[in-house]
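# Coordinates in review
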Amino acid sequence: MDEEKLIKSANYVRTELPVRIAHRLRDLQTLPYVVVTQEGVAQVYELYWSAFEKFRRYPQVTTLEENQAFCEFLESVLDEHAPVIPSLSLGLSLSSPHLPPDSLDAFMRRMLVSRISRRVLAEHHLALSKSLGTNSLNLPDDPHVGIIYTALNLRHSIDKCVTLLRGRPHDIEDEIGESVPNRGWPEVIVDGHVDIKFSYIREHLEYIIFELLKNAMTATGLKHRGSSNFPPIRATIVVGENDVGVRISDQGGGLSSARIKSPSDLFSFSHIRNATRMDDTRLGALRSASSRGVKATVAEQIRPWRTEQSNVNSNNQDPEREAGIAPHPKIGLGLPMSNIFTTYFGGTLELVSLDGWGTDVYLRLPKLGTNLEGIEL
């Protein structure tokens with residue numbers, strides 16, 4: 001990466017982001033009035049309009065000093081838009097009675113895919129700017145260009161997620177919100193083509209794996225809560241010519257529920273397909289998340305766990321924990337966002353429930369360079 005290419009990158013991001021934001025503003029403007037004025041949706045509209053105006057007026061970048069200022073501007077916009085995911089989810093959950101399920105889910109998909117695409121452009125440019133003058137492709141452990149890792153070790157990413165999840169300090173929450181004592185976590189066995197390395201965005205991959213393993217480990221812990229030994233979870237890696245597959249199998253009892261008719265309904269934002277969308281506890285958690293923001297990363301999920309563990313080790317009292325507030329209330333975004341991240345580059349995520357036994361999750365990711373972004377303009 002040299003100065004000329006970096007300046008071109010800056011101006012591409014500067015001109016492309018307002019175009020993508022404008023399409024989403026148009027989507028918001030076509031919604032029924034009762035939806036646009038809902039709590040959360042109106043906030044997102046104001047954020048998008050403000051960002052559009054800021055980018056539209058931003059001058060051309062011509063020097064490295066101007067690029068540095070542009071990077072600071074990008075970071076500030078990214079931080080301002082942290083509430084978008086929970087705010088949209090809150091607003092559309094409240095609007096669910098006014099929109100058909102297909103229309104609601106299609107709208108949310110366009111909004112979230114577009115959001116991912118904009119963050120990819122912005123964060124890729126920020127990473128390129130930080131690496132100016134270095135050859136990150138020659139790094140022995142993690143060769144990368146911007147945010148794209150060209151030799152991403154899938155086994156290492158799975159092991160990293162397992163280590164983080166097994167280090168959780170707090171109890172499991174069951175289906176009715178009651179705390180179940182944590183007796184440990186099941187082992188995760190990784191087999192198949194364990195030496196595979198491929199090109200992908202590491203943050204996306206690890207978020208998906210983290211969420212899928214978190215659900216599998218929680219379900220297994222709840223299903224076998226009276227046992228001192230948990231059945232293992234198995235993650236099998238399979239490599240194709242143009243894609244990479246992972247099957248995660250658990251013995252957590254499956255996904256059967258009186259409120260979920262099909263496993264794929266867990267990806268839906270409509271209360272007709274997923275009745276939990278209208279739960280008071282879920283809506284309250286989304287309101288709380290909207291105030292602090294959600295970026296859909298592994299780092300933001302483990303931060304409260306480490307804070308809690310630090311408080312325990314130092315005998316400090318956490319006022320929120322003492323008040324009975326969970327450090328990471330369930331907001332119902334893990335699986336839907338995993339599905340959006342998966343399909344962004346043309347992958348697939350399928351949940352197969354063996355009710356009474358467990359769940360098999362099939363994840364297929366294309367090797368980068370074989371598919372385009374799945375953006376609907």
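Before any of the text, the structure's been laid out above.
A brief report on the enclosed structure follows. Just so it is clear, the structure is predicted and the values come from calculations on it, not from any experiment. Numbering of residues starts from 1 in every chain and runs along the sequence as written. Per-residue local features of the predicted model are confined to residues with pLDDT of at least 70, and side-chain atom pairs are confined, for both listing and counting, to 80 or more; whole-chain, interface and lining totals are unaffected and use all residues. Processing note: side-chain calculations cover all non-hydrogen atoms of the structure and skip hydrogens and water entirely.

## Examining the side chain of H125
Mapped onto the secondary structure, H125 falls in helix 6 (residues 101-130). Other than its neighbours up to four places away in sequence, H125 contacts L6, S9, A10, V13, N67, F70, C71 and L74. Helix and strand assignments follow DSSP, with helices taken as H or I runs no shorter than four residues and strands as E runs no shorter than two, numbered in order from the N terminus. Contacts between residues were defined by any pair of non-hydrogen atoms, one from each residue, lying within 4.5 Å.

## Let's talk about the environment of Y12
Along the chain, Y12 falls in helix 1 (residues 3-29). Here's how the labels work: a residue is buried when its accessible area is under 20% of the maximum for its type, exposed when over 50%, partly exposed in between, all with a 1.4 Å probe on protein chains only. Judged by relative accessible area, which is 42%, Y12 ranks as partly exposed. For the pair Y12 and Q60, spaced 48 residues apart in sequence, the C-alpha separation works out to 9.9 Å. Non-local contacts of Y12, meaning those with residues more than four positions away in its chain, are made with R20 and L121.

## Focus: the sheet that holds strand 6 (residues 197-201)
Two strands are counted as paired when DSSP detects at least two bridges linking them. Spatially, three strands are ordered 1-2-6 in an open sheet, and the strand pairing comes out antiparallel. Of all strands in the sheet, those with a lone pairing partner are strand 1 (144-145) and strand 6, marking the two edges. For strand 2 (residues 148-153) and strand 6, the ladder comprises four bridges, and the chain directions are antiparallel. Directly across from I148, in strand 6, lies its bridge partner I201. Helix 8 (residues 202-223) rests against strand 2 and strand 6 of the sheet, and its axis sits at about 95° to strand 6. Here an angle of 0 to 180 degrees is reported between the N-to-C directions of two axes, which are lines fitted to C-alpha atoms, with helices fitted over the stretch in contact.

## Quick notes on the sheet that holds strand 9 (residues 348-354)
Here we have five strands laid out as an open sheet, ordered 5-7-8-10-9, and mixed in their pairing. In this open sheet, the two strands that pair with only one neighbour each are strand 5 (188-192) and strand 9. Along the sheet, successive strands turn relative to each other by an average axial angle of 15°, direction set aside. With seven bridges connecting them, strand 9 and strand 10 (residues 358-366) associate as antiparallel partners. Directly across from E350, in strand 10, lies its bridge partner Y362. The sheet contacts of helix 8 involve strand 5, strand 7 (233-239), strand 8 (243-250), strand 9 and strand 10, and relative to strand 10 the element is tilted by about 175°. Contacting strand 9 and strand 10, helix 12 (residues 334-344) crosses the sheet at an angle of about 140° to strand 9.

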